[in-house]
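# Structural overview
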Amino acid sequence: MAATNGETVQARVLCPEKLSPDGLALLRKTLIVDEKQGLTPEQLVSIIPEYDALLVRSETKVTNDLLQAARKLKVVARAGVGVDNVDVPAATRLGIVVVNSPSGNIQAAAEHTIALLMSMARNIPDACASVKGGKWERSRLVGVEVKGKTLGVVGLGKVGLIVARMARGLGMNVVAADPYASPSVAAAANVHLVESLSELLPVVDFLTIHTPMLAATRGMLSTSELNSMKRGARILNVARGGIIDEEALLAALESGHIAGAAIDVFTSEPPHKDPNSSAAKLVQHPKCIATPHLGASTVEAQENVSIDVCEQVLQILAGDLPRSAVNAPIILPAEYKTLQPFVRLVEKMGSLYTQHFTSPTQPLHQRNMNTFDLIYEGEIANMSSTKPLFAALIKGLTLPISDAEGFNVNIVNAEMVAKERGIFVNEQKSRDPSTQAYSSLVTLVARPASRAPSLSRHSSALEGLSISSNPAGDQQSQPVSKQHVISGYCSDNSPFISRLDRFATSFVPEGTLLICHNYDSPGKIGVVGSILGREGVNINFMSVAPATFSAGSGSGAAKGSDTHPPAPKETTEALMILGVDKEVGEGVKRELVGAKGVLSVSSVTL
């Protein structure tokens with residue numbers, strides 16, 4: 001959802017390929033989904049500016065030109081594993097999240113591999129065509145048993161591991177080559193790991209490939225590798241076209257060195273129709289079983305990947321963390337669950353800072369405060385990756401002044417945005433849980449670039465982890481000047497603000513808030529309430545925040561507070577945080593400040 005002139009506009013999703021209706025049904029509950037199959041690249045470029053999300057399979061080419069034209073696009077979702085058809089670097093530069101479904105079709109791909117293996121061993125496609133042709137060629141179609149044979153697996157990932165387990169169930173010996181495979185996982189599956197491809201190839205009777213298409217794997221099996229295999233060995237590829245050199249494989253089949261091949265993927269899909277091309281000759285070769293990229297083509301797999309990527313589209317458009325982003329750090333499931341509410345909290349803290357303490361008309365790099373300390377205490381300090389929190393802060397700081405331009409800040413491009421806008425963030429982690437009362441606490445300190453933070457309750461407990469810093473600032477030698485502090489925590493997955501500068505509070509940063517800085521004396525609540533009531537502004541909730549922290553631990557009030565008259569003797573100050581049902585006009589704010597004892601007023605929308 002997006003807001004334009006106070007109106008809520010539904011996000012739009014484009015699906016130029018056929019996807020399972022189950023996933024699209026999830027999107028249609030809250031989004032506008034357009035299924036437009038058969039678009040030319042030019043037609044796709046012409047309509048993509050209207051869309052917030054793009055869902056593709058393998059046919060649509062998501063090029064740099066297409067992404068440049070996609071002014072509103074926030075996410076490209078690939079319903080499948082590989083993203084060969086998506087220009088991921090271009091998407092990253094533009095802050096567009098690219099997600100896939102790395103596990104939705106692994107069972108289907110593994111089963112197709114075993115189906116091809118058995119079909120090749122027993123000549124099933126040839127036998128089927130022979131019988132349908134009116135022949136009965138039992139002696140010509142004698143096959144081989146797989147029991148006792150050795151299967152070589154290149155790439156012992158999710159698909160490769162399932163294939164290995166199935167092959168073990170067929171009585172095969174399984175050997176695998178994968179420099180990143182876990183020896184304990186391989187041992188548990190009764191798979192013998194070898195150190196290199198050259199050690200694997202000479203000992204296998206069947207070879208199956210389960211690696212991604214990378215520069216290092218392109219043409220990985222060519223003439224020399226095929227020649228090192230046993231004469232009569234058989235090869236399968238249900239991974240990516242181009243990993244096996246098609247011309248070299250054709251030559252090995254024609255020479256009889258390789259007894260059979262089962263190929264589901266090709267360098268060009270569909271293969272070139274030129275009858276003289278290697279791909280065309282390979283497809284037509286009697287010892288080659290060819291299928292049209294059916295590895296993920298089961299009803300269950302299509303439903304799984306469609307639901308998976310559609311759920312991720314909903315999450316990303318709602319501002320949540322991507323679960324399977326290709327161009328963002330991988331977050332472990334347990335940490336993902338812990339981080340998610342804090343992502344929302346930190347974004348709210350950044351937006352609260354920009355709206356409450358600064359003028360939204362000023363670019364951040366022109367303000368005095370452009371250095372931020374983001375301090376984690378408690379359980380959250382133990383997270384291995386806090387990049388989502390860094391990204392949330394940058395988004396929160398910039399959103400109030402950039403949203404009108406359709407600017408998109410997320411975990412993909414947050415560091416680039418921070419650098420461009422002159423924002424410096426130092427992430428710090430507390431190593432002393434005894435100093436704080438919450439299971440996890442996040443504190444944001446905004447300060448001039450050349451000033452060190454002055455937070456007495458943190459100073460001895462924090463260990464700095466610099467994400468980006470000001471190379472010009474000497475942060476050790478100068479005294480502390482005015483700085484702003486916001487702290488927050490999460491309870492039952494809901495964010496709460498617990499501190500605004502010197503004032504201790506507890507409120508949910510949601511909706512439209514009115515923050516009044518006033519002297520803590522009788523009658524102030526009534527004065528503010530009567531003015532707002534007269535203007536037809538309803539108060540949904542109110543929180544009074546006393547001045548609890550010392551000025552040295554984060555001084556500074558809301559904007560405009562430097563001009564208020566001196567406080568009467570022995571009069572303390574407080575903040576009054578009001579949740580209201582609509583925006584409060586500037587005239588009402590001036591009237592509130594004119595009321596006796598109200599020092600400043602700011603409104604924020606979170």
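Everything in this summary refers to the structure shown in the same document. (Residues numbered from 1 in each chain as written. Predicted model: local features only at pLDDT ≥ 70, side-chain atom pairs only at ≥ 80, totals over all residues. Heavy atoms only, no water.)

### Some remarks on empty space enclosed by the protein
Defined as follows: Only protein atoms enter the 1 Å grid used here. Points where a 1.4 Å probe fits but cannot escape make up a cavity, open sets with protein on both sides within 12 Å along at least five of seven lines make up a pocket, and a residue lines them when an atom lies within 4 Å of a point. Grid points are joined across faces, edges and corners, and a volume is the space filled by probe spheres set on the points. Throughout, the ten residues Ala, Val, Leu, Ile, Met, Phe, Trp, Tyr, Cys and Pro are labelled nonpolar, Asp, Glu, Lys and Arg are labelled charged, and all others, Gly among them, are labelled polar.
Under the defined criterion, the tally for this structure stands at 1 cavity of 30 Å³ or more. Taken as a whole, the largest cavity spans an internal volume of roughly 50 Å³. Lining the largest cavity are N237, G241, G242, I244, E246, L249, I263, V265, F266 and L282. Looking at the lining of the largest cavity residue by residue, the class counts come to 6 nonpolar, 3 polar and 1 charged.

### Looking at the pattern of salt bridges
The line we're drawing: Each salt bridge in this description consists of a side-chain nitrogen of Lys or Arg and a carboxyl oxygen of Asp or Glu lying within 4 Å of one another. Under the scheme used here, helices are H or I runs from DSSP no shorter than 4 residues and strands are E runs no shorter than 2 residues, and both carry numbers assigned from the N terminus. We call a residue buried when its accessible area falls under 20% of the maximum for its residue type, exposed when it is over 50%, and partly exposed in between, using a 1.4 Å probe and counting protein chains only.
Enumeration according to the criterion identifies 14 salt bridges in this entry. Of the charged contacts, one joins D34 and R12 as a salt bridge, the two residues approaching to 2.6 Å between their closest N and O atoms. Here D34, found in strand β4 (residues 32-35), pairs with R12, found in strand β3 (residues 12-15); they are 22 residues apart in sequence, far enough to count as distant. Judged by its relative accessible area of 15%, D34 falls in the buried class. By relative accessible area, which is 25% here, R12 ends up partly exposed. The residue D126 makes a salt bridge to R140 at a minimum N-O spacing of 3.0 Å.

### Overview of the packing of aromatic side chains
This is how the line gets drawn: Ring pairs are drawn from Phe, Tyr and Trp, using the six-membered ring of Trp, whenever the two centres fall within 6.5 Å, and their geometry is named by plane angle: stacked under 30 degrees, edge-to-face over 60, tilted for the rest.
Inspection of every chain in the model, using the stated rule, returns 3 aromatic pairs. Measuring from centroid to centroid gives 5.8 Å for Y353 and F357, while their planes differ by 40 degrees, and the two rings are tilted. Residue Y353 and its partner F357 are located together in helix α14 (residues 333-357), separated by 4 residues, close to a single helical turn. On the basis of an interplanar angle of 85 degrees and a centroid distance of 5.3 Å, the ring pair of Y353 and F372 is categorised as edge-to-face. Of this pair, Y353 sits in helix α14 while F372 sits in strand β15 (residues 369-378); the two residues are 19 residues apart in sequence, bridging distant segments of the chain. Each member of the pair, Y353 as well as F372, is classed as buried.

### Let's talk about helix α5 (residues 106-121)
Applicable threshold: Each residue after the first adds 1.5 Å to the expected span of a helix.
With 16 residues, α5 extends 23 Å between its outermost C-alpha atoms, agreeing within 8% with the 22 Å of an ideal straight helix rising 1.5 Å per residue. Among the residues of α5, I106, A108, A109, A110, H112, T113, I114, L116, L117, S119, M120 and A121 are the ones counted as buried. N123 lies just past α5 and shows a positive phi near 55 degrees.

### Thoughts on the pairing of strand β10 (residues 191-194)
Applied cut-off: In this analysis, strands are considered paired if DSSP registers two or more bridges between them. Every crossover in which the path from the first strand over the helix to the second runs clockwise, viewed with the strands pointing away from the viewer, is termed right-handed.
Of the strand pairs in this sheet, strand β9 (residues 173-177) and β10 are connected by 4 bridges, and their pairing is parallel. When the bridges of β10 are listed, A177 appears paired with V194. In terms of handedness, the path from β9 via helix α8 (residues 183-188) over to β10 forms a crossover that is right-handed.

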